[in-house]
Amino acid sequence: MHQIIAMSYPFQIKSFDQYLAAYKKSVEDPEGFWSEIAADFFWRKKWDKVLEWNFKEPKIEWFKGAKLNITENCLDRHLEKNANTPAIIWESNDPEEHHRVLTYRELYNKVCQFAHVLKNNGVVKGDRVCIYMGMIPELAIAVLACARAGAIHSVVFGGFSAQSIADRLQDAKAEYIITCDGAFRGNKEIQLKNVIDDALVQCPFVKKVIVVTRTRTPVSMIKGRDVWWEDEIKKVETQGSNDFKAEEMDAEDMLFILYTSGSTGKPKGVVHTCGGYMIYTAYTFVNVFQYQPGDIHFCTADIGWITGHSYILYGPLSAGATTLMFEGIPTWPDAGRFWNIVDKYKVSILYTAPTAIRSLMGFGLDVVKDHDLRSLKVLGTVGEPINEEAWNWYHENIGKGQCPVVDTWWQTETAGVLISNLAGVTPAKPTYATLPMPGIQPVLVDENGKTVPGTDAARDGVYTSESISSPAGGSLEGAGNLCIKFPWPGMLRTTYGDHERCRLNYFSTYENLYFTGDGCLRDKNGNYRITGRVDDVLNVSGHRIGTAEVENAINMHAGVVESAVVGYPHDIKGQGIYAFVIYPSLHNEPSLSRQDITLTVSRIIGPIAKPDKIQFVSGLPKTRSGKIMRRILRKIAEGETDNLGDVTTLLDPSVVEEIKNGKI
Ligand code: WTA
C-alpha cells in the first residue's frame, strides 16, 4: 500500500464540547463561522460578501463574488500530496468482473479528457447537460467534467421512463445528453440508450448524445447527433491535450439541477450553486462520518439521487477521501452482497437506507456471518425514518455494537445533512436524527406558524443541562412542522426556470421560514425526531414520489375516469403506494386490469412509482366543493376503517362504505 499523507480537516469536530462551541458560534456569528470554514478551500478569488439573504423572495447568496471551480477542490488540490490515493473504487454489478480503482491522478486525467470531449462537442459554460447512466466510473467522470467545463449537470436516475426524461430535458432546456448503451442491475439489463431515443422524439432541440459502452447491447446511433464516448476520447488523445483548465465560476453560479417530487404533478428542478454546495457537503461529510485519511467510504445510493451527488462524489472528493461506488443491488447474486463488499475492501463507513436494512434483515444472519465486518467504524442511514427494530439490527449485527449509527436527516433541497448525530462525538438515540449541524437553526411550528415552545434550537439551545447526565434520554418537548430559520451555504437557491414556484413551495407556508414538508418531534434534551412527510409526498423505499404525479400518470390511461393515490405503511418500503381508481362502467366487466394501470405508471414515470395496491371504485369521497377527502382514503389504506372521522360533509357518504368493503 502506498503511504497516505493525511489531509487535515481543521473544521472537524472532535468532542461534544467542540460541537456545542461550534453550534453557539454558528448562531451568534454565522458569517464568521462559515467564512472560517470556507478559508480551508481553494478559491481563485475571495468573496466580496459572505451572506446576503431574505426568505421573502427568496434570495440566498453565499460567498458572492468569489471565484472557484469545485473540481479544483475535488481533484487538483489533492495532486501534490495524494495523487496516488484511491479516489474512486468501483465494484461491478457482477462480483466476477474485476473492480476498478481510480487514483486522484487518474481521475483528474479522465475528467480533464472528458471535459475536452464536452468542449469538442459544443458544450460551453452555463449549458445544461442531462446525464442518464448506470453506476459506472464514467458517470462520476461525466459529472465532474461538466463541473470543470462550467456546464450545469442534471443527472436523471436510470429508473425513470422516457416520458420523465423528456419532461426534465424540456424543463431544463438541456441540449446535451450523456448516457450508456445499457446498465446492469442485478440480473436485469436496462436499455438506457433506447429509453433516451424514445424521450428524444419529443425533444428535437437536443444536439448531441454521448454514449458510453457498458452492456454492448445493440443501439441505434443517429448520425450527427449520437457519438461514442470511446471514439471521442480517442480524438482527444490524438490531440495530445491532457490538462483542461477549469472554467472560472462565481460562487453563486449554478453547479447542478436535480429534479425532485413535490405536491404538484410536475417535478421541480432544485438548483444548487458552486461555492455553498462545496463547503456544505465537505463540512458535513467530514463531521457526520468523522472521516479519517485512509478510511474507505461506501455510500450505497445511486448518483441519480442527491445522496449520491453529495456523499459519493462531491463531499468525499473535496475531502480527498476514498469513495466506493457500487453498480449493483444489495440482494444480487445474494443478500450478502453489501457484507461481501465491506469485507473485500475493508470498508470503514457504510451509509445506506432503512429500506435496504429492513429488506436485508429478512434474509437472516447466515448471509452476514461469513463476512468479516471488523473494518467498519461508522454506520449511517438516510432517506426515511428508521424504525427501532431496524436501527437495533443494524447496530448489533452489522456494527457488532461497536459502531456509532448516524441517522442523517436531510433533503435534495438542503444539499447535505442538516440534523444528525456526529459519529462517536455526539450521542445517538434510536429513531432520532438528534441534533442540528452547526449552522442549522431548526424550529417546530404549529399549523398557524406559531413556534411550538421549547423547539427552537437557536433560541432554546441544542442541549439542555438536564440532558448532560442522560444524553440519549429525554421526554417529549413538542411536536410540529419542521422549519429552518436561517440560511446555510447548501440550501437550494431556486427551482430551475420558475423562482416563484420555489417561493410558493418552501417559503410561503410560514413567514420567514424555510418549510421542509416534514413533521417532527423534539425531546427535552433537544433531539429531533422526523416523523415523515406532512404534504402529499410519499417516501417509498427512500424515494420521494408525489401522489399527484402518480395520479396524473394513472389518469393518462384512456380507461380511467379519475384516481386518488395515498400512502400506507409498508414493512420494507416504509410507505407503499395505494391507488383508488374510478373506471367508467363498474357494473359491466372491468375493461381495465391492475396490470394496465401498473404498466401505464411505469411508462409515464418509471417502475419506482408503480402502485403496490390498486382498488377499483365507483366514486371517491369528495366534499361538496369537489375536493377529494384524502384523509379518509389514507385511513382506509392504513386499515383504520372504524375511525374515519366526520364524513357528513361528503357529497355522497355511501361511497365510503363501498370503498371500505372493497379494501384490498
Ligand atoms: C425523508 C434524501 C427521516 C424526509 C436525502 C425528507 C428522512 C425526505 C431522513 C427527503 C431521516 C430523509 N429520517 N426521514 N434520516 N432522511 N428523510 O430529497 O421526509 O430524496 O423530507 O433526500 O426524505 O428526500 P430526498
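Thresholds applied
- Residues numbered from 1 in each chain as written.
- Predicted model: local features only at pLDDT ≥ 70, side-chain atom pairs only at ≥ 80, totals over all residues.
- Heavy atoms only, no water.
- Helix = DSSP H or I, 4+ residues; strand = E, 2+ residues; numbered from the N terminus.
- Buried < 20%, exposed > 50% of the residue type's maximum accessible area, 1.4 Å probe, protein only.
- Contact = heavy atoms within 4.5 Å.
- Pairing = 2+ DSSP bridges.
- Axes fitted to C-alpha atoms, helices over the stretch in contact; angles between N-to-C directions.
- Phe/Tyr/Trp six-rings, centres within 6.5 Å; stacked < 30°, edge-to-face > 60°.
- Lys NZ or Arg CZ within 6 Å of the ring centre and 35° of its normal.
- Core = buried A, V, L, I, M, F, W, Y, C linked by side-chain atoms within 4.5 Å.
- Expected span 1.5 Å × (residues − 1).
- Near = heavy atom within 4 Å.
- Polar contact = N/O pair within 3.5 Å; in protein donor to acceptor, adjacent residues only side chain to side chain.
- Areas by Shrake-Rupley, 256 points an atom, 1.4 Å probe, with all protein chains shown as cover.
- Nonpolar A, V, L, I, M, F, W, Y, C, P; charged D, E, K, R; others polar.
- Domains from an automatic or database assignment.
- Buried area = accessible area lost by both parts, 1.4 Å probe.
- Salt bridge = Lys/Arg side-chain N within 4 Å of Asp/Glu carboxyl O.
- pLDDT = per-residue confidence, 0-100.

Visitor: Teacher, can you tell me more about the overall build of the chain here?
Guide: From N to C terminus, the chain includes 21 helices and 30 strands. In terms of principal-axis extent, the alpha carbons of the chain reach across some 75 × 70 × 55 Å. When each of the 664 residues of the chain is scored for burial, the buried share is 61%. A separation of at least 24 residues holds for 73% of the contacts in the chain among residues at least 6 apart in sequence.

Visitor: When you look at the sheet that holds strand S21 (residues 442-445) in this model, what are you seeing that I'm missing?
Guide: The strands making up a sheet are joined through hydrogen bonds of the backbone, oriented either antiparallel or parallel. Taken in spatial order, the four strands make up an open sheet running S21-S22-S24-S25, and their pairing is antiparallel. Strand pairing shows two members of the sheet lacking a second neighbour, S21 and strand S25 (528-533), which therefore form its edges. On average, each strand axis in the sheet is tilted by 45° relative to the strand beside it, whichever way the strands run. Sheet topology note: the strand S22 (residues 476-484)/strand S24 (residues 514-523) ladder contains seven bridges and is antiparallel. Counted as the bridge partner of Ile 484 is Tyr 514 from S24.

Visitor: So what exactly am I meant to see when it comes to the pairing of strand S2 (residues 59-64) here?
Guide: Two faces belong to every sheet, and in a regular strand the side chains alternate between them. Pairing geometry for strand S1 (residues 49-54) and S2, over five bridges, is antiparallel. Residue pairing across strands places Lys 49 opposite Lys 64, the latter belonging to S2. Two successive antiparallel strands, S1 and S2, enclose a turn made up of four residues.

Visitor: What am I meant to see in the packing of aromatic side chains here?
Guide: Each aromatic ring pair is specified by the distance between its two centres and by the angle formed by the two planes. Across all of its chains, the model carries 39 aromatic pairs by this definition. Taking 5.8 Å as the distance between ring centres and 70° as the angle between the ring planes, the aromatic pair formed by Phe 289 and Tyr 311 counts as edge-to-face. Here Phe 289, found in the loop between helix H9 (274-288) and strand S16 (296-299), pairs with Tyr 311, found in helix H10 (residues 306-318); they are 22 residues apart in sequence, far enough to count as distant. When sorted by exposure, Phe 289 lands in the same class as Tyr 311, which is buried. When the ring of Tyr 578 is compared with that of Phe 580, the centres are 4.6 Å apart and the planes differ by 20°; the resulting orientation is stacked. As far as the burial class goes, Tyr 578 and Phe 580 line up, both buried. Among the aromatic residues, those joined into a cluster by ring pairs are Phe 11, Phe 33, Trp 34, Phe 41, Trp 43, Trp 47, Trp 62, Phe 63, Tyr 280 and Tyr 283. For Lys 429, the ring lying beneath its charged end belongs to Tyr 432, and the centroid distance is 4.2 Å. The lysine or arginine in question, Lys 613, covers the ring of Tyr 568, its NZ or CZ lying 4.8 Å from the ring centre.

Visitor: Which parts of the structure should I look at to understand the sheet that holds S16?
Guide: Here seven strands make up an open sheet; going across it, the order is S5-S4-S17-S16-S18-S19-S20 and the pairing mixed. Edge positions in the sheet fall to strand S5 (100-103) and strand S20 (405-408), since each has one partner strand and no second. The mean inter-strand angle of the sheet, taken between neighbouring strand axes irrespective of direction, is 20°. Where strand S4 (residues 86-91) lies against strand S17 (residues 322-326), four bridges are found, and the strand directions are parallel. Bridging from a neighbouring strand, Glu 91 pairs with Phe 326 of S17. Running at roughly 25° to S5, helix H5 (residues 137-149) makes contact with S4, S5 and S17 of the sheet.

Visitor: Explain the nonpolar core here, please?
Guide: Grouped burial of nonpolar side chains is what soluble globular proteins tend to show. With 182 residues, the main nonpolar core has Trp 43, Phe 63, Leu 107, Phe 114, Ile 131 and Ile 178 as its most contacted residues. Other than its neighbours up to four places away in sequence, Phe 114 contacts Ile 141, Ala 142, Ala 145, Ile 178, Ile 210, Trp 229 and Ile 233. Judged by nonpolar contacts, the second largest core, of 29 residues, contains Ile 296, Ala 335, Leu 373 and Trp 393.

Visitor: Sorry, what's going on with H5 here?
Guide: Three- or four-residue spacings in an α-helix give side chains the same orientation, since the helix completes a turn every 3.6 residues. Counted at 1.5 Å a residue, the expected span for H5 with its 13 residues is 18 Å, and the 18 Å between its end C-alpha atoms agrees. Most of H5 is tucked away: 13 of the 13 residues are buried. Directly after H5, the chain includes Gly 150, whose backbone phi takes a positive value near 80°.

Visitor: Explanation requested: the site of the ligand in the structure shown.
Guide: As a structural note, the neighbourhood of the ligand is formed by 17 residues, with Asp 407, Thr 408, Thr 412, Asp 518 and Arg 544 the closest of them. In this structure, an oxygen atom belonging to the ligand sits 2.6 Å away from a side-chain N or O atom of Thr 412. At 2.8 Å, a side-chain N or O of Arg 533 approaches an oxygen atom of the ligand. Across the complex, the protein chains shield 97% of the 530 Å² of accessible surface that the ligand would expose by itself. For the shell around the ligand, the secondary structure elements donating two or more residues are H10, S20 and S25. Taken together, the residues that form the shell around the ligand break down as six nonpolar, six polar and five charged.

Visitor: Any chance you could explain the domain arrangement of the chain here in plain terms?
Guide: Size of an interface, as often reported, equals the accessible area lost when the parts are brought together. By the assigned domains, the chain splits into domain 1 (16-70 + 253-533), domain 2 (75-247) and domain 3 (538-661). Each of domain 2 and domain 3 has a C-alpha centre, and these two points are 38 Å apart. With six residues of domain 2 at the contact, the number on the domain 3 side is seven residues. Approximately 460 Å² of surface area, both sides summed, lies buried where domain 2 meets domain 3, with 59% of it carried by carbon and sulfur atoms. Our count for the domain 2 to domain 3 interface comes out at zero salt bridges. The interface formed by domain 2 and domain 3 contains five residue pairs in polar contact (both at pLDDT 80 or more). Split into classes, the residues belonging to the side of domain 2 that touches domain 3 amount to two nonpolar, four polar and no charged.

Visitor: Is there a simple way to explain the confidence of the model for the chain in this structure?
Guide: In regions of low pLDDT, the predicted coordinates are not meant to be interpreted in detail. Taken as a whole, the chain shows an average pLDDT of 94; of its residues, 97% reach a score of 70 or greater. The least confident element of the chain is helix H16 (residues 465-469), whose mean pLDDT is 54; the most confident is H5, at 99.

Visitor: Please clarify how helix H11 (residues 337-345) should be interpreted in this entry.
Guide: H11 sits mainly inside the fold: seven of its nine residues count as buried. When we look at burial in H11, the residues that qualify are Arg 337, Phe 338, Trp 339, Ile 341, Val 342, Asp 343 and Tyr 345. Lys 346 sits one or two residues past H11 and shows a positive phi near 55°.

Visitor: Quick question: what am I supposed to make of the pairing of S22 here?
Guide: Taken together, the four bridges between S21 and S22 define a ladder with antiparallel strand orientation. From the neighbouring strand, Val 445 faces S22, where its bridge partner is Asn 481.

Visitor: Looking at this structure, I do not really get the pattern of salt bridges. What am I missing?
Guide: Working definition: two side chains of opposite charge can pair if their charged atoms are close together. Considering all chains together, one arrives at 41 salt bridges under this definition. Note that Arg 44 and Glu 248 form a salt bridge whose closest N and O atoms lie 3.4 Å from each other. Within this pair, whereas Arg 44 is found in the loop between helix H2 (30-38) and S1, its partner Glu 248 is found in the loop between helix H8 (229-239) and strand S13 (249-250), the two being separated by 204 residues in sequence. Residue classification places Arg 44 among the partly exposed positions, given a relative accessible area of 27%. A salt bridge links Lys 193 to Asp 226; the shortest N-O distance between them is 2.8 Å. Of this pair, Lys 193 sits in helix H7 (residues 192-200) while Asp 226 sits in strand S12 (residues 226-228), placing them 33 residues apart in sequence. For the pair shown, Lys 193 and Asp 226 are each scored as buried. Overlapping salt bridges bring together Lys 193, Asp 197, Arg 225 and Asp 226 as one network.

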